[in-house]
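# Descriptive analysis of the structure
The chain contents come next:
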Amino acid sequence: SVTSVQEALSGRIAAGSRVTVRGWVRTRRDSKAGLSFVNVSDGSGFHPIQVVAPAALDNYETEVKRLTAGCAVVATGTLAPSQGQGQAFEIQAESVEVVGWVEDPETYPIQPKPHSLEFLREVAHLRPRTNLFGAVTRIRHCLAQAVHRFFHEQGFYWISTPIITTSDAEGAGQMFRVSTLDLANLPRGEGGGIDFSRDFFGKETFLTVSGQLNAEAYALALSKVYTFGPTFRAENSNTTRHLAEFWMIEPEVAFNDLAANAKLAEDFLKYLFRAVLEERQDDLAFIAERVEKNAITRLEEFIAAPFEQIDYTDAIGLLQKSGHRFEFPVEWGLDLQTEHERWLTEQHVGRPVVVTNYPEQIKAFYMRLNDDGKTVAAMDVLAPGIGEIIGGSQREERLDMLDARMAQFGLDPEHYGWYRDFRRYGTVPHAGFGLGFERLVVYVCGLNNIRDAIAYPRTPGHATF
Ligand code: 4AD
Ligand code: MG
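Residues numbered from 1 in each chain as written. Chains lettered and ligands numbered in written order. Predicted model: local features only at pLDDT ≥ 70, side-chain atom pairs only at ≥ 80, totals over all residues. Heavy atoms only, no water.

The next point concerns the packing of helix H5 (residues 258-279) against helix H12 (residues 437-445). How two helices pack is summed up by the angle between their axes together with the distance between the axes. Between H5 and H12, the shortest axis-to-axis distance is 12 Å and the interhelical angle comes to 50°. In terms of orientation, H5 lies oblique with respect to H12. The interaxial crossing formed by H5 with H12 has right-handed handedness. Contacts between H5 and H12 involve Leu269, Leu272, Phe273 and Val276 from the first element and Leu440, Tyr443 and Val444 from the second. Of the residues contributing to the contact of H5 with H12, the split by class is seven nonpolar, no polar and no charged. (Axes fitted to C-alpha atoms, helices over the stretch in contact; angles between N-to-C directions. Helix = DSSP H or I, 4+ residues; strand = E, 2+ residues; numbered from the N terminus. Parallel < 35°, antiparallel > 145°, perpendicular 65-115°, else oblique. Left-handed = near helix turned anticlockwise from the far one by under 90°. Contact = heavy atoms within 4.5 Å. Nonpolar A, V, L, I, M, F, W, Y, C, P; charged D, E, K, R; others polar.)

In structure tokens, the structure reads:
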């Protein structure tokens, strides 16, 4: 019967069973004894399976001996314990059917040898065929599943917030504009009463930078909610940690304060790391061997230790006393730059760390002003190798304070009228955060560039595929 390669290697199918696997050739080696060893991968798990093809096969000389990396095959035979190193089972083939050849094998971009990541970005449509991108894809899937499982188990509801919006949720002016449709060519009579001489929505619209404001509305009725969806930022930062299109997870909880918010972030990250350690051992072992040698131990260490917390004011003191020469100034009132974040998490703590209570003037308008009048109840989670992976806060639930902050940031209260309503009707303290999903994948997979954490990266000047 047809089985995935992962299932064939799992030990759950008895040796001696007749199985069929379908996939793509990784390598072929011909032995002097008149046999060929064809490694076949179907991506179901990290390891390919070795198909042993005897010279007696009808198509041995005509086809099997012409197989190259990337050819698609269907192999049927007997599952047998393997003598080969690092594999428990192999298939002793009675047939190897070639479904799709690779034309011009010499120029096939994915050869069985290591490729540079820069090169692979140029063939983003073929890179899932490599060991690394197979591993990253399966780990990313495992993390996404664990995100939904964690929140479901904790009684959260998943809210799908809009992608097209009129609000700049972060007030940072980094939105992509949704352009006016070119409706000149629409056939007459279609349009159901909409005046197509104006913009489709009758007002300026943008791609969302965050679903938070919409999620707050649901938290103030369903208590615990989260979003998980695509997010867009038109920031012209050509860095290894910024994408123009990324996925964000944003939990929002009524009656939570900043301490409860930080606790939620800690429990959440630990749950996700545990899931990867349990479910993706094959891929993590490869990452540890080839990409980041501490890939496994650092997840285990984070799970074992309490989450380190540092107040922003203390962080500034630590940075100033560090003796390290930073490129950007370190001064109370200035935002932390990536180099500062990385020093705190890499040099000072050695694990992910939460920094809390930032100066009010450098954080978003919706964050709750602390009693000192100078700081807001904000938190950023910083991770080694990256810097910020989570940004969150307790929200300003007092209408007069929110109005004052919106005025300070030059935001039109009328435009945010719906957002002010939550403070007018049954307001309560509430808090939440946003986890950048690709930054999480970068951290777990030990990647150096966020462009390798998403299938088709969108960055300034790049939107191919
Ligand atoms: O700190 P940010 O801007 O916070 C928010 O959007 C809040 N609304 C979250 C909330 O409280 N609900 O973004 C949150 C996270 C960052 O910590 C980072 O991990 C990720 O989103 N992020 C990006 N990831 C990739 N590319 C970009 N351009 C990113 N901008 C933010
Ligand atoms: Mg942030």
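Once the structure has been displayed, the description carries forward.
The next thing to look at is the pairing of strand S2 (residues 35-41). The buried count for S2 comes to five of seven residues, which makes it a mostly enclosed element. Bridge analysis of strand S1 (residues 18-31) against S2 gives seven bridges, and the strand direction is antiparallel. Across the sheet, residue Asp30 finds its bridge partner in S2, namely Ser36. The hairpin formed by S1 and S2 contains three residues between the paired strands, and Gly34 there has a positive phi angle of roughly 80°. When S2 meets strand S3 (residues 49-54), the two strands line up antiparallel, connected through six bridges. For Val38, the partnering residue across the bridge sits in S3 and is Val51. (Buried < 20%, exposed > 50% of the residue type's maximum accessible area, 1.4 Å probe, protein only. Pairing = 2+ DSSP bridges.)

Next up on the list: the pattern of salt bridges. Tallying each qualifying case throughout the model produces 25 salt bridges. One salt bridge in this structure joins Glu7 and Arg12, with 2.7 Å as the shortest N-O distance. By relative accessible area, which is 59% here, Arg12 ends up exposed. A salt bridge links Arg177 to Glu204, with the shortest nitrogen-to-oxygen separation between them at 3.3 Å. Here Arg177 is found in the loop between strand S7 (164-165) and strand S8 (206-207), whereas its partner Glu204 is found in the loop between S7 and S8, with 27 residues between them in sequence. A network of salt bridges, in which partner residues are shared, links Arg138, Arg280, Asp282 and Asp283. (Salt bridge = Lys/Arg side-chain N within 4 Å of Asp/Glu carboxyl O.)

The next point concerns helix H3 (residues 131-153). Given 3.6 residues per helical turn, the α-helix brings residues three or four places apart onto the same face. Over its 23 residues, H3 runs 33 Å from end to end, which matches the ideal 33 Å to within 8%, given 1.5 Å per residue. Remark: Gly155 follows H3 within two positions and exhibits a positive phi of approximately 80°. (Expected span 1.5 Å × (residues − 1).)

Below, the discussion takes up the site of ligand 1. Taken together, the neighbourhood of ligand 1 is formed by 24 residues, with Glu170, Gln212, Glu235, Glu250 and Glu388 sitting nearest. In the model, a nitrogen atom of ligand 1 is placed 2.7 Å from a nitrogen or oxygen of the Gln212 side chain. Side-chain polar atom of Arg395 to an oxygen atom of ligand 1: 2.9 Å apart, as the coordinates give it. Isolated, ligand 1 exposes 630 Å² of accessible area, and the fraction of that covered by the protein chains is 93%. The element that contributes the greatest number of residues to the shell around ligand 1 is strand S14 (residues 387-394), accounting for five residues. (Near = heavy atom within 4 Å. Polar contact = N/O pair within 3.5 Å; in protein donor to acceptor, adjacent residues only side chain to side chain. Areas by Shrake-Rupley, 256 points an atom, 1.4 Å probe, with all protein chains shown as cover.)

Here five strands make up a closed barrel; going around it, the order is S1-S2-S3-S5-S4 and the pairing mixed. On average, each strand axis in the sheet is inclined to that of its neighbour by 55°, with strand direction left out of account.

Our focus in this paragraph is the pairing of strand S13 (residues 375-383). Extensive coverage of S13 is indicated by the burial of nine of its nine residues. Examined bridge by bridge, S13 and S14 share six bridges and lie antiparallel to one another. Bridge pairing links Val381 to Ile390 in S14. If you look at the hairpin formed by S13 and S14, you'll find three residues sitting between the two strands, and Gly385 has a positive phi there, around 85°.

For the rest of this paragraph, the subject is the side chain of Thr375. Position of Thr375 relative to the elements: it lies in strand S13. By relative accessible area, Thr375 is classed as buried at 4%. For Thr375, the side chain forms a polar contact with the side chain of Asp372, separated by 2.7 Å. Excluding its chain neighbours within four sequence positions, the residues that come into contact with Thr375 are Trp332, Asn357, Tyr358, Pro359, Glu360, Arg368, Leu369 and Asn370.

What the rule picks out here adds up to zero disulfides. Counting only cysteine sulfurs, Cys445 is the nearest neighbor of Cys142, a cysteine outside any disulfide, at a range of 9.9 Å. You can call Cys445 buried: its relative accessible area is 0%. (Disulfide = S-S within 2.5 Å.)

On to the environment of Ile159, then. Of note, Ile159 is situated in the loop between strand S6 (157-158) and S7. Its relative accessible area of 11% is what places Ile159 among the buried residues. In sequence terms Ile159 and Tyr226 are 67 residues apart; their C-alpha atoms lie 5.9 Å from each other. Discounting residues that sit within four places of it in the chain, Ile159 has contacts with Tyr218, Val225, Tyr226 and Thr227.

Moving on: a nonpolar patch on the surface. A contiguous nonpolar patch, built from Ile163, Ile164, Phe200 and Phe201 and spanning about 340 Å² of accessible area, is present on the exposed surface. Tracing the backbone shows Ile163 in the loop between S6 and S7. Since its relative accessible area comes to 36%, Ile163 is described here as partly exposed. (Patch = residues over 30% accessible without salt bridge, like charges linked within 9 Å, V, L, I, M, F, W, Y side chains within 5 Å.)

A separate point is the packing of aromatic side chains. If you walk through the whole model with that rule in mind, you get 23 aromatic pairs. Arranged with centres 6.1 Å apart and planes meeting at 45°, the rings of Phe268 and Phe433 form a pair that is tilted. Placement of Phe268 in helix H5 and of Phe433 in strand S15 (residues 430-436) is noted, with a sequence separation of 165 residues between them. Just as Phe268 is buried, Phe433 falls in that class too. Cluster of aromatic residues (ring-pair linked, three or more members): Phe150, Phe151, Phe156, Trp158, Tyr226, Phe268, Tyr271 and Phe433. A cation sits over an aromatic face here: Lys270 above Phe302, 6.0 Å from the ring centre. (Phe/Tyr/Trp six-rings, centres within 6.5 Å; stacked < 30°, edge-to-face > 60°. Lys NZ or Arg CZ within 6 Å of the ring centre and 35° of its normal.)

Bringing unusual backbone geometry into the picture now. The residue Asp104 is not glycine, and still its phi comes out positive at about 55°. Residues other than glycine seldom take positive phi values, yet Phe465 does so here, at roughly 60°. Examined against the element boundaries, Phe465 turns out to sit in the segment after H12.

By themselves, these figures tell us nothing about what the structure is for.
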